[in-house]
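# Remarks on the overall topology
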Amino acid sequence: MTYFPEEVVEHIFDFVGSHRDRNTVSTVCKAWYQVERLSRRTVFVGNCYAIGPERVMARFPGIKSLSVKGKPHFADFNLVPYDWGGFALPWIVAAARLCPGLEELRLKRMVVTDDGLELLARSFPNFKSLVLISCEGFSTDGLATIATYCRGLRELDLQENEVEDHGCQWLSFFPDSCTSLVSLNFGCLKGEVNGGALERLVARCPNLRSLKLSPAVSVESLNKILARASHLVDLGTGSFAVDHRTDVYHMLMNSFPKFKSLRNLSGFWDASPCCLRAVYPVCTSLTVLNLSYAPAIQGDDLIKIICLCFKLQKLWVLDSIGDKGLAVVASTCKELQELRVFPCDIYGAGTTSVTEEGLLAVSSGCPKLNSLLYFCYQMTNAALITIAKNCPHFTRFRLCILDPGKPDPVTDQPLDEGFGAIVRSCKNLRRLSLSGRLTDQVFLYIGMYAERLEMLSIAFAGDSDKGMIYVLNGCKNLRKLEIRDCPFGDIALLKNVAKYETMRSLWMSSCDITLGGCKALAAKMPRLNVEIINENEETYEFEENLSDLHKLEKIYVYRTVAGPRNDAPDFVWTL
Amino acid sequence: MGWECLDPTVPFLGSFPSHGIPAAVPFLSTTSPTRQRKRKDEKRSVVAGASRAFLPPPSSDPTSRPGTRVQEAAGRSSSTFELAMEEDLENRGGACPQLLDLIPNESDWMMAPEASGGGRGVGGLDDSEDKKLELKLGLPGVGGGEEEAAAVLCLDFFSKASKTTTTTTCTGARRRLFESAESKSEGPQQEQQAGFLQLQSRAESGNEWPHKAVWAGGKADLQQSHAAPGGAAGPNTSSQTRAAPAPVVGWPPIRSFRKNLSSSSVKPSVGLENDNVEMKHKFDNNKKGLLVKINMDGIPIGRKVDLKAYDNYEKLSLAVKELFLGLLAAQRDTPENENEAAKQAFVGLLDGSGEYTLVYEDNEGDKMFVGDVPWDMFVSTVKRLRVLKSSDLAALREQSAGKEQQLKVE
């Protein structure tokens, strides 16, 4: 291959799409490395501290799309302190200097500031797409600068971010000349919305296909918007709070049948059951339905709508759907691939929820099911074994039994066998989250069978170091391991230290790791950052006085070529 | 943050043995030998069952080289595991496996044999052992006479204060939550006590939803005999409600915005013409429950109460007492039994005659005495509740009198 001219090699590489393949290709020889790096258009950085931004930009000057992830996953559940890190600014700065052709930036769990957004908006003339997921640190002012300076912006997708509300005028900052929007998602914004500006923006963007409104957008506004955006494929409805006896509601009823292209529906923050009827006409063509923000919709109403959705591929609901509702899903939604059932009322005053019966029904009725996130109050081994038989195609299986450490209620056994059956049967399993009462046994099974597993989340499980050791010794493709409240200690941590360099990261909190153990790990593996997150104010001042036996509350270990990070706050020590 | 529930008043730390790390133990074996030993001893007796024999008997010598132990276990069991699992999977069909008793005689798991139904559950559990544990994460005072148990388990999930003093104890404590706690009274009400692993027979429930075993507080199943504390609905007992599990940081693993979905009312805007900023008005069309926050003077941690569970002020007053009695007693440092003085504090909540008075904040932001308006009207306007010291009310009255005067003037 080295005898071919570079242009030919480059052309061949165009067909090599995935990051992994391109990474592999670049290691073949220097020539290929060069060709590959100059022709690379997309870079994905799974851990923003694994490598410095300048190095990435210098190596790949031609990138058009950059994705970076920051905080560890458990930050979603408030386990990572607020100012731990994950700052986006260095990446934006480096890209502004070295990759001005950047068109797309996707950031997840990072701290993005208004300054960063402004720099972004001003630095990239071809910028087209900004996707921020679970980020924080910015306000609507930052959004205003994006709106102002990003000519030709096609996508602004804000998912589940914490955005400070500095007023509703940011939408007005989209100039009249902005007609290029294809996707606009501001569902996570909490503040008021300038309805007029929104309506005008929608009206002048004929290519708009995806629009997700925040809860502050009223139904009146929605009506006006829908009148101008009949080509929408993806709609987040905003509040959807309307009295079904009003004209407004009737207008809504009349709008929906016009949406011939609508495939994806979400929102419904304040929807009451009666007004849900308005969407019945589009249900038969829906492929994605998200009703998980609508606690007022009870099981029976959910059933009425689901009965119509026979093309559904992805369903997110609250557990108010009940086992009964899930049985309806099973009999109606034969194309279902992804199901997420969220707990509606975790404070315990709820009435219905789901059990293993519901999941059993779905597993038997929906043969294409491959992705699951399921919150329930109980699960049995028998059910899991049957589910494993019914659905061998799971790639993501996340089961959360809300009472930690709860065994099989029928047999009082731990759920080792059930999860064991899952990993054994689902050969393509890439992501697994465990819950319920679990012993070391389940980890033995996981280590043995879960060959393709990339991400494993463990909480309140295991009996001894063996559990973690089984996983580290097996699971050849493991990339992320996150553990909380398990009896794994230094022995497990140090048993297979080389493994951590094959993984992106390890998170352990409320386990039995000591300072001494971490020191030993850091000493053996210089290319890992062993971060100790110590929120205990009393001890972090006396770092040098802490004995090696001091138990650590939270550690985060990740491979890096960038060395210890220089933006760590006081309470994070990198050994 | 979702699950911050800091309760430094809980005195359990005093009753917990300290897990001082032995000074001489090298760090390699600091999987806390004390704890390890206890855990191993208590948990791993395999009773009969050839098909489950793959689980190697644990070494009861915690000071043996950890490496060897793991190796031994691995070596011994790897081939039998497969076999055993195959067998087990096949056997799954019918019989309840009584073979593997992961809960040995010195059990820390509380089993209510009656509740577990005919023949189900783990065989061989001797429940007459005096180390039967109720593991409850209820607040002290929950479930009559089991303060200590509850207190013990009202863990350092919450308390940063406790963390500063005993980081090691805390992790130890946390571990112990799931295996053992101090041995607590068995008590006469076995089937009603909250077990960490309390199992309820499906047959008992007789309806679609099996009893939910509760992790904390056992409130759901205690409903029959105790007034409902916390978020659990009072009159709607039995299988369809479950106790509010004691909050653990970051559990359940859902995003914060989801935690408040069912009780929050989002503000929709009513559309106006063109550039006008849309007005907000709140309305709550949530039919399921009406959870409002309730704080009590002197108690740092608030609670939530579901107003739909009550239909008059008396029941609410009783519920408030149930919610805070334990906490108040704990603060007054009498965790042994329900302090009469603490109980007395809740007399006269509604009429201003007692030590504390119940007030609320309505949808207009005004603070009102609870009890003035008809119950239904109260429920539709209340936004949060407070239990104030009556002595502070005098000061408040003066303040509000001042305000009223101002308003009248205007």
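Worth saying up front: this structure is predicted, and the values here are computed from it rather than measured. (Residues numbered from 1 in each chain as written. Chains lettered and ligands numbered in written order. Predicted model: local features only at pLDDT ≥ 70, side-chain atom pairs only at ≥ 80, totals over all residues. Heavy atoms only, no water.)

## Looking at the side chain of asparagine 185 of chain A
Residues and elements named next belong to chain A. The line we're drawing: Think of it this way: any DSSP run of H or I at least four residues long counts as a helix, any run of E at least two long counts as a strand, and we number them from the N terminus. Pairs of N or O atoms are called polar contacts if they sit within 3.5 Å, as long as, within protein, a hydrogen donor faces a hydrogen acceptor (for residues adjacent in sequence, only side-chain-to-side-chain pairs). Any pair of residues with heavy atoms lying within 4.5 Å of one another is described as a contacting pair.
Within the secondary structure layout, asparagine 185 lies in strand β8 (residues 183-185). Engagement of the side chain of asparagine 185 in a polar contact is seen with the backbone nitrogen of glycine 187, the distance being 3.0 Å. When neighbours within four sequence positions are excluded, asparagine 185 is seen to be in contact with Leu156, Asp157, Leu158, Gln159 and Lys212.

## Structural notes on the pattern of salt bridges
Side-chain pairs of opposite charge can arise whenever the charged atoms involved come near each other. Residue and element names in this part refer to chain A. Which entries qualify depends on this criterion: Any carboxyl oxygen of Asp or Glu that lies within 4 Å of a side-chain nitrogen of Lys or Arg is treated as forming a salt bridge with it. Exposure is judged per residue with a 1.4 Å probe applied to protein chains only, and the accessible area is read against the type maximum: over 50% gives exposed, under 20% gives buried, and values in between give partly exposed.
This model, assessed by the stated rule, comprises 26 salt bridges over all chains. A salt bridge links lysine 128 to glutamate 103; the nearest nitrogen and oxygen atoms lie 3.7 Å apart. Taken together, the residues lysine 128 in the loop between α6 (114-123) and β4 (129-133) and glutamate 103 in the loop between α5 (89-98) and β3 (104-108) connect sequence positions 25 residues apart. The exposure class assigned to glutamate 103 is buried, which follows from its relative accessible area of 17%. Residues joined by salt bridges that share partners form a network here, namely Arg22, Glu36, Arg40 and Arg59.

## Points about the sheet that holds strand β4 (residues 303-306) of chain B
All names here are of chain B. Put simply, the test is: When DSSP finds two or more bridges between two strands, those strands count as paired. Fitted lines through C-alpha atoms give the axes, limited to the stretch in contact for helices. The angle between two N-to-C directions lies from 0 to 180 degrees.
Taken in spatial order, the five strands of this open sheet run β4-β3-β7-β5-β6, and their pairing is mixed. Two strands in the sheet have a free side with no partner beyond their single neighbour: β4 and β6 (367-369). Direction aside, the axes of adjacent strands within the sheet are offset by 30 degrees on average. Pairing between strand β3 (residues 291-296) and β4: four bridges, direction antiparallel. Looking at the pairing, valine 292 lines up with valine 305 of β4. Against the sheet, helix α10 (residues 313-331) makes contact with β3, β4, β5 (356-362) and β7 (382-389), and its axis sits at roughly 50 degrees relative to β3, the strand it touches most.

## Overview of the nonpolar core
Buried together is how nonpolar side chains tend to be arranged in soluble globular proteins. Applicable threshold: Nonpolar core, defined: a set of buried Ala, Val, Leu, Ile, Met, Phe, Trp, Tyr and Cys residues in which side-chain atoms within 4.5 Å join the residues together.
Phe186, Phe256, Phe397 and Ile446 of chain A are the most contacted members of the largest nonpolar core, which has 192 residues in total. Residue contacts for isoleucine 446 of chain A: discarding those within four places in its chain leaves Val423, Leu432, Leu434, Leu453, Leu456, Val471 and Cys475 of chain A. Membership of the second largest hydrophobic core comes to 33 residues, among which are Met296, Val305, Leu328 and Tyr360 of chain B.

## So, the side chain of arginine 40 of chain A
Residues and elements named next belong to chain A. With respect to the helices and strands, the residue arginine 40 is situated in the loop between α3 (30-39) and β1 (42-45). On the basis of relative accessibility, which here comes to 4%, the residue arginine 40 falls in the buried class. Side-chain polar atoms of arginine 40 contact the side chain of asparagine 23, separated by 2.7 Å. The contacts of arginine 40, once residues within four sequence positions are left out, are His19, Arg22, Asn23, Phe60, Gly62 and Ile63.

## Focus: the packing of aromatic side chains
This is how it is decided: Pairing of aromatic side chains here covers Phe, Tyr and the six-membered ring of Trp, requires ring centres within 6.5 Å, and sorts the geometry by plane angle: under 30 degrees stacked, over 60 edge-to-face, intermediate tilted. We count a charge as sitting over a ring when the NZ of a lysine or the CZ of an arginine lies within 6 Å of the ring centre and within 35 degrees of the ring normal.
Enumeration according to the criterion identifies 26 aromatic pairs over all chains in this entry. Where tryptophan 269 of chain A meets tyrosine 293 of chain A, the ring centres are 4.9 Å apart and the plane angle is 10 degrees; that geometry is what we call stacked. Placement of the pair is tryptophan 269 of chain A in the loop between β11 (264-266) and α11 (280-283) and tyrosine 293 of chain A in the loop between β12 (288-290) and α12 (299-306), with a sequence separation of 24 residues. The exposure classification of tryptophan 269 of chain A matches that of tyrosine 293 of chain A, with both residues buried. For the pair tryptophan 375 of chain B and phenylalanine 378 of chain B, a centre-to-centre distance of 5.3 Å together with 50 degrees between the ring planes defines the contact as tilted. With tryptophan 375 of chain B and phenylalanine 378 of chain B both in helix α12 (residues 375-381) and three residues apart, this pair spans about one turn of that helix. Assessed through its relative accessible area of 11%, tryptophan 375 of chain B is described here as buried. One aromatic cluster in this structure is built from Tyr49, Phe74, Phe77, Trp84, Trp507, Tyr556 and Tyr558 of chain A. Positioned above the aromatic ring of tyrosine 49 of chain A is the side chain of arginine 565 of chain A, whose terminal nitrogen or guanidinium carbon lies 4.4 Å from the ring centre.

## Looking at the confidence of the model for chain B
Residue and element names in this part refer to chain B. As a reminder of what qualifies: Scored from 0 to 100, pLDDT records how confident the predictor is in each individual residue.
Residues of chain B with pLDDT of at least 70 account for 27%, and the chain-wide mean is 53. Ignoring residues within four places in sequence, the model shows residues 1-242, a span with pLDDT below 50, making 543 contacts including any to other chains. Throughout residues 265-288 the model reports pLDDT below 50, and contacts reaching past four residues in sequence, or to other chains, amount to 67 contacts.

## Here we look at the state of the cysteines
All names here are of chain A. Just so we agree on the cut-off: The term disulfide is used for any two cysteine sulfur atoms that are within 2.5 Å.
This model, assessed by the stated rule, comprises zero disulfides over all chains. For the unlinked cysteine cysteine 333, the closest cysteine sulfur is that of cysteine 366, found at 6.3 Å. Look at cysteine 366 and you get buried, because its relative accessible area is 0%.

## So, a nonpolar patch on the surface
Put simply, the test is: Like charges are joined within 9 Å and nonpolar side chains (Val, Leu, Ile, Met, Phe, Trp, Tyr) within 5 Å, but only among residues with over 30% relative accessible area and no salt bridge; these make up the patches. Every accessible area reported is derived by Shrake-Rupley at a probe size of 1.4 Å, with residue values counting cover from the shown protein chains alone.
Nonpolar side chains collect at one region of the surface, where Phe4, Val8 and Ile12 of chain A lie side by side and expose about 230 Å² of accessible area between them. Summarising the element assignment, valine 8 of chain A is placed in helix α1 (residues 6-13).

## A look at the packing of α1 of chain A against α3 of chain A
Residues and elements named next belong to chain A. What counts, and what does not: Any angle that is under 35 degrees is reported as roughly parallel, and any over 145 degrees as roughly antiparallel; angles of 65 to 115 degrees are reported as roughly perpendicular and all others as oblique. A clockwise turn of the near helix away from the far one marks a right-handed crossing, whereas an anticlockwise turn of less than a right angle marks a left-handed crossing.
Relative to each other, α1 and α3 sit at 60 degrees, their axes nearing to 10 Å. With respect to each other, α1 and α3 are oriented oblique. The hand of the α1/α3 crossing is right-handed. For the pair formed by α1 and α3, the contact residues are Glu6, Val9, Glu10 and Phe13 on the first element and Trp32, Val35, Glu36 and Ser39 on the second.

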